[in-house]
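# Descriptive analysis of the structure
The primary structure of each chain is shown beneath.
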Amino acid sequence: MHWFRKARYAVALSVILLTGGGFATQVGAHSTRYVVTVYLLLAGMFVLTVSIAYAEQSMSEWLS
C-alpha cells in the first residue's frame, strides 16, 4: 500500500476520533438516544474504514 493511501486512512480515522471528542463536549445538550446513535455511527465508520484499509492491504499482498 502506498504512503498516500496510508495517510488518507490515517486522516479519516483521525477525523472520526476528533468528531467523537468534539461531540463529547456537547453530550449534555442532546438526548441519550441521540448520543448513542451518533456514537454508534462513528464506531461503524471507524470499523468500516479499518476494514477497508485491511482488505486493501491484504488484497495487494495476495495479488503480488
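Residues numbered from 1 in each chain as written. Predicted model: local features only at pLDDT ≥ 70, side-chain atom pairs only at ≥ 80, totals over all residues. Heavy atoms only, no water.

### What about the overall build of the protein chain?
Along its length, the protein chain carries 2 helices and 0 strands. Relative to a compact globule of 64 residues, whose C-alpha radius of gyration would be 11 Å, the protein chain shows 15 Å and is clearly more extended. Structurally, the protein chain occupies a C-alpha span of about 50 × 20 × 5 Å along its principal axes. Split into buried and exposed, the 64 residues of the protein chain put 16% on the buried side. (Helix = DSSP H or I, 4+ residues; strand = E, 2+ residues; numbered from the N terminus. Rg over C-alpha atoms; globule rule 2.2 N^0.38 Å. Buried < 20%, exposed > 50% of the residue type's maximum accessible area, 1.4 Å probe, protein only.)

### Examining a nonpolar patch on the surface
Together, Leu17, Phe46, Val47 and Val50 give the surface a local cluster of nonpolar side chains, amounting to about 340 Å² of exposed area. Top contributing element to the nonpolar patch by residue count: helix α2 (residues 32-63), with 3 residues. By secondary structure assignment, the location of Leu17 is in helix α1 (residues 3-24). (Patch = residues over 30% accessible without salt bridge, like charges linked within 9 Å, V, L, I, M, F, W, Y side chains within 5 Å. Areas by Shrake-Rupley, 256 points an atom, 1.4 Å probe, with all protein chains shown as cover. Salt bridge = Lys/Arg side-chain N within 4 Å of Asp/Glu carboxyl O.)

### Side note on the nonpolar core
Residues Ile16, Phe23, Val35, Val38 and Leu42 constitute the largest nonpolar core, which totals 5 residues. Of all the secondary structure elements, the ones that give two or more residues to this core are α1 and α2. For this core, the element with the highest residue contribution is α2, accounting for 3 residues. (Core = buried A, V, L, I, M, F, W, Y, C linked by side-chain atoms within 4.5 Å.)

### Here we look at the pattern of salt bridges
Once their charged atoms are close, side chains differing in charge can pair, the charge on each being opposite to the other. The full count for this structure, using the stated rule, is 1 salt bridge. Of the charged contacts, one joins Glu56 and Arg5 as a salt bridge, the two residues approaching to 2.8 Å between their closest N and O atoms. Here Glu56, found in helix α2, pairs with Arg5, found in helix α1; they are 51 residues apart in sequence, far enough to count as distant. Judged by its relative accessible area of 31%, Arg5 is partly exposed.

### Description of the environment of Gln26
Of note, Gln26 is situated in the loop between α1 and α2. Owing to a relative accessible area of 43%, Gln26 belongs among the partly exposed residues under this scheme. A sequence separation of 26 residues divides Gln26 from Ile52, and the C-alpha atoms of the two residues are 30 Å apart.

Nothing here speaks to function; it is all geometry.
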